[in-house]
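# Structural overview
Chain by chain, the residues:
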Amino acid sequence: MSRLIVVSNRVSVTKGRGAAGAQGGLAVAMNGALRKHGGIWFGWSGNEVARFTGQLTMQRADGFTTATIDLEPHDVDEYYNGYANRTLWPLFHYRIDLAEYETEFGRGYERVNEQFANSLVPLVEEEDLVWVQDYHFLPLGERLRAHGLKNRLGLFLHIPWPPTRLLVSLPYHERLVRAMLHYDVIGFQSTEWLESFLHYCRKELQADVDEDSGTVQLDGHVAVARAFPIGIDYKEFMAFRGTQTAQRAYERLAGSARNRSVVIGVDRLDYSKGLPERIDAMERLFTTHDDMVNQLLYVQIAPPSREDVRSYQEIRATLEQKTGQFNGAHSDVDLVPIRYVNRGFGRAELFGFYRAARIGLVTPMRDGMNLVAKEYVAAQDPEDPGVLILSRFAGAAEQMSDALLVNSHSAEDVARALWTALHMPVEERRARWEKLNAVVRDHDVIGWAEDFIALLAAPPFHHM
Ligand code: GDG
């Protein structure tokens, strides 16, 4: 079996499956795959140094090695806060109004990709499989080839792929996508993103595209693009069931709701997640139906993220203002309808909160997949499950058609779904939940990683 080299912006070692760990599914999946295959997890240390040296910090983890490098502050600004989070993230989430096109960001991004390639190449052995994660490293495959690497190179994109008409607004978009085609395997979360990518390659690059196999040929390179919908670590998550921490969290939320039905949202504080729009939907529901304040409690957990980026500071201010206004208008002396919580919780606690909620409100404006939808389903009581309201603009909607699928842009539509969910009979809730749960259970993150690695290891080489 070939060794595995994983590359991602940050590296995260878990203490083994089922540990109380605060890490998400991706860390668990990468740790699992690396333990199985042996190899190296390579990324940025998270540290800044005055002068870039490319020096590697190697550490032995359980069954594999981590290798990290430090970056200079202006690299972090231009590559990470800049090109990754102020250019690509908004553009790929269809927010060209927020995308910032700065030459310096692009230069920093290319520079850091080159630094990564430089430091990584000496670590790679002949038969190793190299698996690169996400939008931070779209051109890394091409950089590695430029250093003469002949290994199998794979890329998985965790976020959406934008429509061609939006992508062409990015300066040097052709160069970026051409560079991507040096990977052998390119994975997307859903067939929608995959199709957008293939469309771009055909239309803008005049590549030879075979839609059925996902094969893209250009200048003698052959890349295979496929959808690999990511999942949660179902077993790890289910291990929280019946734990004291989960039970206590459940009781704390259910008890304090005082007979109101709990609606829960759990999201990084990000403009792609549709958080202000949720309050608009609540507003619609509360103004069209009397007495909602006695029936619904909406709990939104929203740990801040990317606080150095202005659009994130703005979305936070907007949300604070809207929540305050809503609560001011609809509260009573002894009842507040929205609890907006600006911090993170442990995963066991999240399990308890999900279970206490009659409705899971997952309404991003755009999302690669969305794992909260899957966690919410997994945490439900099979006898008395809650209802998932899911945006049709999340990658997860392709697999989770038994949720109440909504247009997250329409306050009316989301308000209607909230009403329907609140009144849904237990038989229908069970029937929907059983199908959703089967999807979440049978397509977990372990299988996702295995499927990707199998394709990366399988097809013949085409390099010239
Ligand atoms: C990207 C893509 C894709 C949230 N709050 C807390 C907490 N979380 C955890 C959730 C969930 C994870 O963070 C969020 O995952 P999502 O999938 O919802 O979203 P992104 O962070 O935007 O992730 C996304 C994903 O990559 C994987 O490919 O699905 O589309 O955007 O696991 O539970 N975890 C803890 N406390 C919190 O307060 N412990």
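Because the structure is predicted, anything quoted here is derived from the model rather than measured.

### Some remarks on the overall build of the protein chain
- Of regular secondary structure, the protein chain possesses 16 helices and 16 strands.
- Since a compact globule built from 464 residues should have a radius of gyration of about 23 Å, the 23 Å found for the protein chain is in line with a globular shape.
- Referenced to the eigenvectors of the C-alpha coordinate spread, the extents of the protein chain come out at roughly 70 × 50 × 45 Å.
- The buried share among the 464 residues of the protein chain stands at 49%.
- The long-range fraction of contacts in the protein chain, counting pairs at least 24 apart against all pairs at least 6 apart in sequence, stands at 76%.

### A few points about the site of the ligand
- Lining the immediate surroundings of the ligand are 23 residues, of which His158, Gly344, Gly368, Met369 and Leu371 lie closest.
- Within the residue set of the shell around the ligand, elements represented by two or more residues are α1 (25–37), α12 (347–356) and α13 (372–378).
- A domain-level breakdown of the shell around the ligand finds at least three residues from each of domain 1 (4–228) and domain 2 (235–442).

### Considerations on helix α11 (residues 310–330)
- Between its terminal C-alpha atoms α11 stretches 30 Å, which fits the 30 Å expected from 21 residues at 1.5 Å a residue.
- Three or more residues of α11 are buried, namely Ile315, Leu319, Lys322, Thr323 and Phe326. One face of α11 carries all of its buried residues, which in axial projection span an arc of 100°. Relative to its buried face, α11 has exposed residues pointing more than 90 degrees away, namely Arg310, Glu314, Ala317, Glu320, Gln321, Gly324, Gln325 and Gly328.

### Considering the domain arrangement of the protein chain
- By domain assignment, the protein chain separates into domain 1 (4–228) and domain 2 (235–442).
- Between domain 1 and domain 2, the C-alpha centre-to-centre distance is 31 Å.
- Sorting the residues of the side of domain 1 that touches domain 2 by element identifies α1, α2 (73–92) and α7 (191–205) as the ones contributing at least two each.
- Considering only residue class, the side of domain 1 that touches domain 2 consists of eight nonpolar, nine polar and four charged.

### Observations concerning the pairing of strand β7 (residues 185–188)
- Covered by surrounding structure in β7 are Val185 and Gly187 together with Ile186 and Phe188, the residues of both alternating faces.
- The sheet contact formed by strand β6 (residues 152–156) and β7 spans three bridges and is parallel. From the neighbouring strand, Phe156 faces β7, where its bridge partner is Gly187.
- Alignment of β7 against strand β10 (residues 221–227), held across four bridges, turns out to be parallel. When the bridges of β10 are listed, Val185 appears paired with Val224.

### Here's the deal with the packing of helix α9 (residues 244–257) against α12
- Closest axis-to-axis distance for the α9/α12 pair is 7 Å, and the angle between their directions is 40°. Relative to α12, the element α9 lies oblique. As α9 packs across α12, the resulting crossing turns out to be right-handed. Of the residues in α12, those in contact with Thr245, Ala246, Gln247, Arg248, Ala249, Tyr250, Leu253 and Ala254 of α9 are Ala348, Glu349, Phe351, Gly352, Phe353, Arg355 and Ala356.
- Class assignment for the residues of the contact of α9 with α12 results in nine nonpolar, three polar and three charged.

### A word on the sheet that holds strand β12 (residues 296–301)
- Ordered by their spatial adjacency, six strands build an open sheet running β13-β12-β11-β14-β15-β16, and the pairing between neighbours is parallel. Only two strands of the sheet have a single neighbouring strand rather than two, namely β13 (338–341) and β16 (404–406). Adjacent strand axes in the sheet meet at a mean angle of 20°, parallel and antiparallel pairs treated alike.
- As paired elements, strand β11 (residues 261–266) and β12 share six bridges and run parallel to each other. Counterpart to Val263 in the pairing with β12 is Tyr298.

### Looking at unusual backbone geometry
- Phi at Asp219 is positive, roughly 50°, even though this residue is not glycine.
- For Arg306, which is not glycine, the phi dihedral falls at a positive 45°.

### Digging into the environment of Arg268
- For Arg268, the position within the fold is in the loop between β11 and α10 (275–288).
- Between the C-alpha atom of Arg268 and that of Arg339, which follows or precedes it by 71 residues, the distance is 16 Å.
- Beyond its immediate stretch of four places on either side in the chain, Arg268 contacts Lys273, Pro303 and Ser305.

### As for helix α3 (residues 103–120)
- Over its 18 residues, α3 extends 26 Å from the first C-alpha to the last, a length consistent with the 26 Å expected when each residue adds 1.5 Å.
- All buried positions along α3 are accounted for by Phe105, Gly106, Gly108, Tyr109, Val112, Asn113, Gln115, Phe116, Ala117 and Leu120.
- Against β1 (4–10), β2 (39–48), β4 (65–71), α2 and α4 (140–146) lie the buried residues of α3.

### Quick notes on the pairing of β12
- Counting buried positions along β12 yields six of six residues, so the element is predominantly enclosed.
- Residues of β12 alternate between two faces, with Leu296, Tyr298 and Gln300 on one and Leu297, Val299 and Ile301 on the opposite face, all of them buried.
- Regarding the hand of the β-α-β motif, the stretch spanning β11, α10 and β12 is right-handed.
- By the bridge criterion, four bridges tie β12 to β13 in an arrangement that is parallel. Paired with Val299 across the bridge in β13 is Arg339.
- Handedness of the β12-α11-β13 crossover: right-handed.

### Brief notes about the packing of α10 against α11
- Axis separation between α10 and α11 bottoms out at 9 Å; the angle between their running directions is 15°. With respect to each other, α10 and α11 are oriented roughly parallel. As for how α10 packs across α11, the hand of that crossing is left-handed. Contacts from Leu275, Pro276, Ile279, Met282, Glu283 and Phe286 of α10 reach α11 at Thr318, Leu319, Lys322, Thr323, Phe326 and His330.

Conventions and cut-offs
Residues numbered from 1 in each chain as written. Predicted model: local features only at pLDDT ≥ 70, side-chain atom pairs only at ≥ 80, totals over all residues. Helix = DSSP H or I, 4+ residues; strand = E, 2+ residues; numbered from the N terminus. Rg over C-alpha atoms; globule rule 2.2 N^0.38 Å. Buried ≥ 20, exposed ≤ 12 C-beta atoms within 10 Å, placed from the backbone. Contact = placed C-beta atoms within 7 Å. Near = placed C-beta within 6 Å. Domains from an automatic or database assignment. Expected span 1.5 Å × (residues − 1). Arc of directions from axis to C-beta. Nonpolar A, V, L, I, M, F, W, Y, C, P; charged D, E, K, R; others polar. Pairing = 2+ DSSP bridges. Axes fitted to C-alpha atoms, helices over the stretch in contact; angles between N-to-C directions. Parallel < 35°, antiparallel > 145°, perpendicular 65-115°, else oblique. Left-handed = near helix turned anticlockwise from the far one by under 90°. Right-handed = clockwise from strand over helix to strand, strands pointing away.

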